[in-house]
Amino acid sequence: MSMIKWDDSYFTGIEQFDAEHKHLFGLLNTAYDDFIDGSQRETLGTVLDELADYATYHFANEEHWMDEFNYPDLDKHREEHEKFRLRLRELVKDYHMQKNSLSLELLTFLTNWLINHINKTDADYGRHAMSIKPGL
Ligand code: FEO
């Protein structure tokens, strides 16, 4: 079973970012599977680290692209990334310090944030991309 399934509604129209989003979905599904399987805290911690690192990498890639293509809502988008990135880093740090546990609520929060962000905020730069480079 998956926490989150990819479908066409998540396409931004930019191949690189669609591939990166799919990778983030995969990491969330791995975390979910490990959680359901009752994996060791260390195993779950490794997946959470990977998720935080990859999210940081992906956000930087998007911000670079938006900057390059003069995307008008870059600041707002960057702020959204930064809030989530800091929240995720804090959750992962607390997890390693045994101040919290991985829970279905936490996984649901991460998944819902990603879905909402892709469907609304990322979809906006997808439209911008199409307006400047139809057929991109
Ligand atoms: Fe795909 Fe703005 O994160």
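Look a little higher up for the structure.
About the criteria used
- Residues numbered from 1 in each chain as written.
- Predicted model: local features only at pLDDT ≥ 70, side-chain atom pairs only at ≥ 80, totals over all residues.
- Heavy atoms only, no water.
- Salt bridge = Lys/Arg side-chain N within 4 Å of Asp/Glu carboxyl O.
- Helix = DSSP H or I, 4+ residues; strand = E, 2+ residues; numbered from the N terminus.
- Polar contact = N/O pair within 3.5 Å; in protein donor to acceptor, adjacent residues only side chain to side chain.
- Contact = heavy atoms within 4.5 Å.
- Expected span 1.5 Å × (residues − 1).
- Bend = angle between axes of the 7 residues up to and from the residue.
- Buried < 20%, exposed > 50% of the residue type's maximum accessible area, 1.4 Å probe, protein only.
- Axes fitted to C-alpha atoms, helices over the stretch in contact; angles between N-to-C directions.
- Parallel < 35°, antiparallel > 145°, perpendicular 65-115°, else oblique.
- Left-handed = near helix turned anticlockwise from the far one by under 90°.
- Nonpolar A, V, L, I, M, F, W, Y, C, P; charged D, E, K, R; others polar.

Visitor: Can you break down the pattern of salt bridges residue by residue, with the values?
Guide: A full pass over the atoms with the stated rule returns seven salt bridges. Residues Glu79 and Lys83 are paired through a salt bridge, measuring 3.9 Å at the closest nitrogen-oxygen approach. Of this pair, Glu79 and Lys83 both sit in helix 3 (residues 74-96), four residues apart, which is roughly one turn of the helix. Within the structure, one salt-bridge network assembled from shared partners comprises Glu63, Asp75 and Arg78.

Visitor: Go over the side chain of His77, please, and point to the residues and values.
Guide: Of note, His77 is situated in helix 3. Here His117 takes part through its side chain, which lies 3.2 Å from a polar atom of the side chain of His77. Those residues in contact with His77 that sit more than four places away from it in its chain are Glu62, Met66, Tyr71, His117, Thr121, Asp122 and Tyr125.

Visitor: An account of helix 4 (residues 104-132) is needed here, citing residue identities and associated values.
Guide: The end-to-end C-alpha distance of helix 4 is 41 Å, a good match for the 42 Å that 29 residues give at a rise of 1.5 Å each. At Ala123, helix 4 shows its maximal bend, which comes to roughly 40°.

Visitor: Run through the environment of Leu27, naming residues and quoting values.
Guide: Tracing the backbone through its elements, the reader meets Leu27 in helix 1 (residues 15-36). On the basis of relative accessibility, which here comes to 6%, the residue Leu27 falls in the buried class. The spatial distance from the C-alpha of Leu27 to the C-alpha of Asn61 is 18 Å, given a sequence separation of 34 residues. In contact with Leu27, not counting residues within four places along its chain, are Val47, Glu50, Leu51 and Tyr54.

Visitor: Residues and numbers for the packing of helix 2 (residues 41-68) against helix 3, please.
Guide: Look at helix 2 against helix 3: their axes get within 10 Å of each other, and the N-to-C directions meet at 165°. Classified by the interaxial angle, the pair formed by helix 2 and helix 3 is roughly antiparallel. Our pair here, helix 2 against helix 3, has a crossing hand that is left-handed. Tallied by class, the residues present in the contact of helix 2 with helix 3 amount to 12 nonpolar, five polar and nine charged.

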